[in-house]
Amino acid sequence: MFAIIIFGLICSSGAIASSSAGGTVVMNFDLSESAKGKEVDLWIPYPVSGENQLIENIRITGNYENAEVTTDRVYSTPMLHVFWPEGAGKRELTFSFYASRSEQRAPDLKETNAKWDPRDYAKWLASTNLGPTDGIVKNLAEEITADKESLLEKARAIYDWTCENTYRAPETRGCGEGDVCNLLSNPGGKCADIHSIFVSLARAAGIPSREIFGIRLGKEDGQDITTWQHCWAEFYLPGRGWVAVDPGDVRKMMLKRGLTPKDAVPEDLREAYWGGVEPYRVKLATGRDIDLTPKQDGAPLNYLMYPYAEVDGAPLDWLSPDTFKYKITYRNNGKK
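Attention in this report is confined to the structure presented alongside it.

**Looking at the packing of aromatic side chains**
Each aromatic ring pair is described using two quantities: the centre-to-centre distance and the angle formed by the ring planes. On inspection of all chains with the given rule, the structure shows 16 aromatic pairs. Taken together, a centroid distance of 5.6 Å and an interplanar angle of 15° make the contact between Tyr 46 and Phe 95 stacked. Of the two residues, Tyr 46 is situated in the loop between β4 (40-45) and β5 (53-62) and Phe 95 in strand β8 (residues 92-102); the sequence distance between them amounts to 49 residues. In terms of burial, Tyr 46 and Phe 95 fall into one category: buried. Arranged with centres 4.4 Å apart and planes meeting at 25°, the rings of Tyr 306 and Trp 318 form a pair that is stacked. Within this pair, whereas Tyr 306 is found in the loop between β17 (281-286) and β18 (308-311), its partner Trp 318 is found in the loop between β19 (314-315) and β20 (326-331), the two being separated by 12 residues in sequence. Here Tyr 306 falls in the buried class, since its relative accessible area comes to 7%. Three or more aromatic residues joined by ring pairs make a cluster, and in this case those are Tyr 75, Trp 116, Tyr 121, Trp 124, Tyr 236 and Trp 242.

**So, unusual backbone geometry**
With an omega of -5°, the peptide bond running from Thr 293 to Pro 294 counts as cis. Mapped onto the fold, Pro 294 is located in the loop between β17 and β18. One non-glycine residue with positive phi stands out, namely Asp 108, at about 55°. On the basis of relative accessible area, Asp 108 is assigned to the exposed category, the value being 64%. Backbone geometry places Asp 312, a non-glycine residue, at a positive phi of 50°. Mapped onto the elements, Asp 312 comes out in the loop between β18 and β19.

**Focus on the sheet that holds β8**
With respect to topology, five strands assemble into an open sheet ordered β5-β8-β3-β20-β13, the strand pairing being antiparallel. Where the open sheet ends on each side, the last strands, each with one partner, are β5 and β13 (223-224). By the bridge criterion, six bridges tie strand β3 (residues 20-30) to β20 in an arrangement that is antiparallel. When the sheet's bridge partners are listed, Asn 28 is paired in β20 with Lys 327.

**With respect to the pattern of salt bridges**
A complete count under the given rule lists 19 salt bridges for this structure. Residues Glu 164 and Arg 270 are paired through a salt bridge, measuring 2.8 Å at the closest nitrogen-oxygen approach. A residue pair is termed long-range when its members are at least 10 positions apart, and Glu 164 in helix α2 (residues 151-165) and Arg 270 in helix α6 (residues 267-272) qualify at 106 residues. Judged by relative accessible area, Arg 270 falls into the buried class, the value being 8%.

**Structural notes on the side chain of Gln 229**
Along the chain, Gln 229 falls in strand β14 (residues 229-237). Here the side chain of Gln 229 touches Thr 226 through a polar contact of 3.0 Å, landing on its backbone oxygen. Dropping the residues within four chain positions of it, Gln 229 is found in contact with Cys 175, Gly 214, Ile 215, Met 305, Tyr 306 and Ile 328.

**What to know about the packing of α2 against helix α5 (residues 247-256)**
Pairs of packed helices are described in terms of their axes, by the angle between the two and the distance that separates them. At their nearest, the axes of α2 and α5 sit 9 Å apart, and the two run at 30° to each other. Relative to α5, α2 is oriented roughly parallel. Remark: the crossing between α2 and α5 carries right-handed chirality. Across from Tyr 159, Thr 162, Cys 163 and Glu 164 in α2, the residues of α5 making contact are Pro 247, Val 250 and Arg 251. Partitioning the contact of α2 with α5 into residue classes produces four nonpolar, one polar and two charged.

**Here we look at helix α4 (residues 191-204)**
Because each turn of an α-helix spans 3.6 residues, side chains separated by three or four positions in sequence point in the same direction. With 14 residues, α4 ought to run about 20 Å at 1.5 Å a step, and its terminal C-alpha atoms sit 20 Å apart, in line with that. For α4, the buried fraction is high: 14 of the 14 residues fall into the buried class. Directly beyond the C-terminal end of α4, a positive phi value near 85° is found at Gly 206.

**Topic: the packing of α2 against α4**
It is the contact of α2 with α4, at a shortest axis distance of 10 Å, that shows an interaxial angle of 150°. What the angle tells us is that α2 and α4 run roughly antiparallel. Judged by the sense of rotation from one axis to the other, the crossing of α2 with α4 is right-handed. Here Ala 155, Ile 158, Tyr 159, Trp 161 and Thr 162 of α2 come into contact with α4, specifically with Ile 194, Ile 197, Phe 198, Leu 201 and Ala 202. Looking at the contact of α2 with α4, its residues break down into nine nonpolar, one polar and no charged.

**Points about a negative patch on the surface**
A cluster of acidic residues, Glu 39, Glu 65, Glu 86, Asp 297 and Asp 312, forms a negative patch on the protein surface. The residue Asp 297 is located in the loop between β17 and β18 in this model.

Here is what the cut-offs are and how they apply
Residues numbered from 1 in each chain as written. Predicted model: local features only at pLDDT ≥ 70, side-chain atom pairs only at ≥ 80, totals over all residues. Heavy atoms only, no water. Phe/Tyr/Trp six-rings, centres within 6.5 Å; stacked < 30°, edge-to-face > 60°. Helix = DSSP H or I, 4+ residues; strand = E, 2+ residues; numbered from the N terminus. Buried < 20%, exposed > 50% of the residue type's maximum accessible area, 1.4 Å probe, protein only. Pairing = 2+ DSSP bridges. Salt bridge = Lys/Arg side-chain N within 4 Å of Asp/Glu carboxyl O. Polar contact = N/O pair within 3.5 Å; in protein donor to acceptor, adjacent residues only side chain to side chain. Contact = heavy atoms within 4.5 Å. Axes fitted to C-alpha atoms, helices over the stretch in contact; angles between N-to-C directions. Parallel < 35°, antiparallel > 145°, perpendicular 65-115°, else oblique. Left-handed = near helix turned anticlockwise from the far one by under 90°. Nonpolar A, V, L, I, M, F, W, Y, C, P; charged D, E, K, R; others polar. Expected span 1.5 Å × (residues − 1). Patch = residues over 30% accessible without salt bridge, like charges linked within 9 Å, V, L, I, M, F, W, Y side chains within 5 Å. Areas by Shrake-Rupley, 256 points an atom, 1.4 Å probe, with all protein chains shown as cover. Lys, Arg positive; Asp, Glu negative; His and termini not counted. Charge placed at Lys NZ, Arg CZ, Asp CG, Glu CD.

What follows is the structure, encoded as structure tokens:
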């Protein structure tokens with residue numbers, strides 16, 4: 001078992017979060033029926049260790065012909081690629097790993113005036129297919145940050161605006177597409193929508209920013225977390241590094257409290273998700289408009305947070321359990 005140290009940050013379930021969390025994530029796939037007799041490629045986000053998480057005890061089993069860990073060429077986002085040839089019988093795979101997560105928090109944020117070169121962060125300042133940084137996005141970013149001078153002040157203004165002017169729409173499919181221009185007209189959605197707004201506005205204001213795509217850890221052994229994907233955002237503060245924010249969970253917690261989109265944002269929620277996030281989440285990927293490795297036949301992926309599969313080059317709907325059968329389970333069983 002992992003140790004738990006109590007810390008006073010509100011988590012998305014409404015309980016008090018701890019400063020560390022861990023457990024095994026087990027992904028089971030069975031594409032035997034939906035891809036009968038056909039060639040199948042499957043790509044799965046592949047977590048790696050970093051400052052706030054440790055990934056251990058990785059296990060990959062199945063009747064595949066080939067399995068390999070690769071990265072994309074732009075963001076170095078890791079992925080597990082699995083291949084079954086035409087005519088294969090069963091197409092089954094189990095991918096599991098143990099994740100240890102620590103709380104990610106940057107207290108007492110201050111402007112450092114450290115020198116930095118925007119060219120070093122060009123990909124975190126660029127537009128994406130659904131996240132432009134010009135036009136109405138640029139105009140809005142300038143309006144929000146008009147009286148702000150420092151990068152930190154601008155980031156905080158955009159965070160506050162995002163918290164105050166978006167809302168969680170439970171009917172949104174998956175985590176949302178993050179189509180920023182449409183969202184500015186109707187700012188309801190889920191985490192990918194809300195954080196795409198923050199990231200595009202921040203980039204338009206000259207602040208390196210990115211979405212972090214992941215999955216939430218469970219709290220109970222055997223919990224089904226198949227639909228627990230979640231993303232948050234980070235902005236770069238020179239002299240301090242990447243700083244986490246999660247206005248998406250601010251709006252989710254407001255909904256859990258029975259508040260409406262027109263209600264004021266509670267200060268405890270606003271502060272809880274500014275500069276940090278609780279540990280019950282695993283980082284899987286970053287980047288938008290992803291070309292997988294090996295390259296998929298379909299269009300670039302909006303983001304890599306869910307498993308993605310192609311049957312004879314045709315994408316499966318990753319949100320349709322009738323055609324793309326997989327289950328993700330949380331096990332509170334230690335590292336072994």
